[in-house]
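The residues making up each chain are set out below.
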Amino acid sequence: MRAILVIHGPNLQLLGARQPHIYGAADLPAINRQLQAAAKRHGVRLEILQSNHEGEIVGRIGRAKGTYEAILINPAAYTHTSVAIRDAIEAADVPAIEVHLSNIYARESFRQHSLIAPVCRGQVSGFGAASYLLGLEAAVGLAPRAADSPSPARVRSRRKAR
Ligand code: DQA
């Protein structure tokens, strides 16, 4: 089964209680439950990490190749500061999608620049918890299926069609 690595960066363990007028009322377990339900519908497996430590995030991305087909990441404050996470994504050779609950371009100027975006395939910003779900849709689309070698069911239906 295709696997996607979901990374929540620093302070996102506080969601629900942290500035709900900006980040919404849903807490992290609720967002993760929504992601897991969507992943189930898509037939992909998620591994989810929340970390307040840049080195832990860098290490996890560094081990992603060969294990995950895509990475969905909210780098949180590291979006604006972390050359190390950017370099890790660039080196990983695994397609990554950046997500933000808030619209970072409508906020303070220091939040309007992402060091991470240029090494991601795309970014979803400003839709609250739905940013993660939209990002997951994109990640599923990017995660290559083992379809280059078609499943027996698909081969059978192709034969029937002939
Ligand atoms: C955030 C935006 C960042 O600027 C901020 O530091 C966060 C959350 C978001 O999801 O909107 O922690 O990534």
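Residues numbered from 1 in each chain as written. Predicted model: local features only at pLDDT ≥ 70, side-chain atom pairs only at ≥ 80, totals over all residues. Heavy atoms only, no water.

## Some points on the overall build of the chain
Stage number 1. The secondary structure content of the chain amounts to six helices and five strands.
Stage number 2. The N-to-C order of helical and strand elements in the chain reads β-α-α-β-α-β-α-β-β-α-α.
Stage number 3. Here the chain holds 162 residues, and the buried ones make up 44% of them.
Stage number 4. Taking the intrachain contacts of the chain between residues at least 6 apart in sequence as the baseline, contacts between residues at least 24 apart amount to 75%.
Stage number 5. Just so you have it, the chain exposes about 8400 Å², and 53% of that area is on carbon and sulfur atoms. (Helix = DSSP H or I, 4+ residues; strand = E, 2+ residues; numbered from the N terminus. Buried < 20%, exposed > 50% of the residue type's maximum accessible area, 1.4 Å probe, protein only. Contact = heavy atoms within 4.5 Å. Areas by Shrake-Rupley, 256 points an atom, 1.4 Å probe, with all protein chains shown as cover.)

## With respect to the environment of His21
Stage number 1. Looking at where His21 falls in the secondary structure, it is placed in helix 1 (residues 20–23).
Stage number 2. Separated by 81 residues in the primary sequence, His21 and Ser102 place their C-alpha atoms 9.8 Å from one another.

## Focus on the sheet that holds strand 3 (residues 70–74)
Stage number 1. If you trace the five strands from one edge of the open sheet to the other, you get 2-1-3-4-5, paired in parallel fashion. One side of each edge strand has no neighbouring strand; the edge strands of this open sheet are strand 2 (45–50) and strand 5 (122–125). Pairs of neighbouring strands in the sheet enclose a mean axial angle of 20°, with direction left out of account.
Stage number 2. Looking at chain direction, strand 3 and strand 4 (residues 96–100) are connected through three bridges and run parallel. Its bridge partner lying in strand 4, Leu72 is registered against Ile97.
Stage number 3. Contacts from helix 2 (residues 28–42) reach strand 1 (3–8), strand 2 and strand 3, with the element oriented near 160° to strand 2. (Pairing = 2+ DSSP bridges. Axes fitted to C-alpha atoms, helices over the stretch in contact; angles between N-to-C directions.)

## Some thoughts on the site of the ligand
Stage number 1. Close to the ligand lie Arg18, Tyr23, Asn74, Ala76, Ala77, His80, His100, Leu101, Ser102, Ile104 and Arg111.
Stage number 2. Contact distances for the ligand include 3.3 Å between an oxygen atom and a backbone N or O atom of Ala77.
Stage number 3. Contacts to the ligand include Arg111, whose side-chain N or O atom sits 3.0 Å from an oxygen atom.
Stage number 4. Starting from 320 Å² of accessible surface for the ligand in isolation, the protein chains cover 99%.
Stage number 5. In terms of residue class, the shell around the ligand is built from five nonpolar, four polar and two charged. (Near = heavy atom within 4 Å. Polar contact = N/O pair within 3.5 Å; in protein donor to acceptor, adjacent residues only side chain to side chain. Nonpolar A, V, L, I, M, F, W, Y, C, P; charged D, E, K, R; others polar.)

## Things to note about the packing of helix 3 (residues 54–62) against helix 4 (residues 83–92)
Stage number 1. Close contact between helix 3 and helix 4 brings their axes to 9 Å; oriented N to C, the two are set at 5°. Classified by the angle between their axes, helix 3 and helix 4 sit roughly parallel to one another. Of the residues in helix 4, those touching helix 3 at Glu54, Ile57, Val58 and Ile61 are Ala84, Ile85, Ala88, Ile89 and Ala92.
Stage number 2. Per-class residue counts for the contact of helix 3 with helix 4 are eight nonpolar, no polar and one charged. (Parallel < 35°, antiparallel > 145°, perpendicular 65-115°, else oblique.)

## Here's the deal with unusual backbone geometry
Stage number 1. Of note in this structure, Ala76 is not a glycine but carries a positive phi near 50°.
Stage number 2. If you trace the backbone, Ala76 turns up in the loop between strand 3 and helix 4.

## With respect to the packing of helix 2 against helix 5 (residues 129–142)
Stage number 1. Running from N to C, helix 2 and helix 5 point in directions that differ by 25°, and their axes come no closer than 10 Å. One finds that helix 2 runs roughly parallel with respect to helix 5. Handedness of the crossing formed by helix 2 with helix 5: right-handed. Of the residues in helix 5, those in contact with Ile31, Gln34, Leu35, Ala38, Ala39 and His42 of helix 2 are Ala129, Tyr132, Leu133, Leu136, Glu137 and Val140. (Left-handed = near helix turned anticlockwise from the far one by under 90°.)

## Quick word on the confidence of the model for the chain
Stage number 1. This prediction gives the chain a mean pLDDT of 91; 90% of its residues lie at or above 70.
Stage number 2. Long-range and interchain partners of residues 148–162, a stretch whose pLDDT sits below 50, account for three contacts in this model, where long-range means more than four residues apart. (pLDDT = per-residue confidence, 0-100.)

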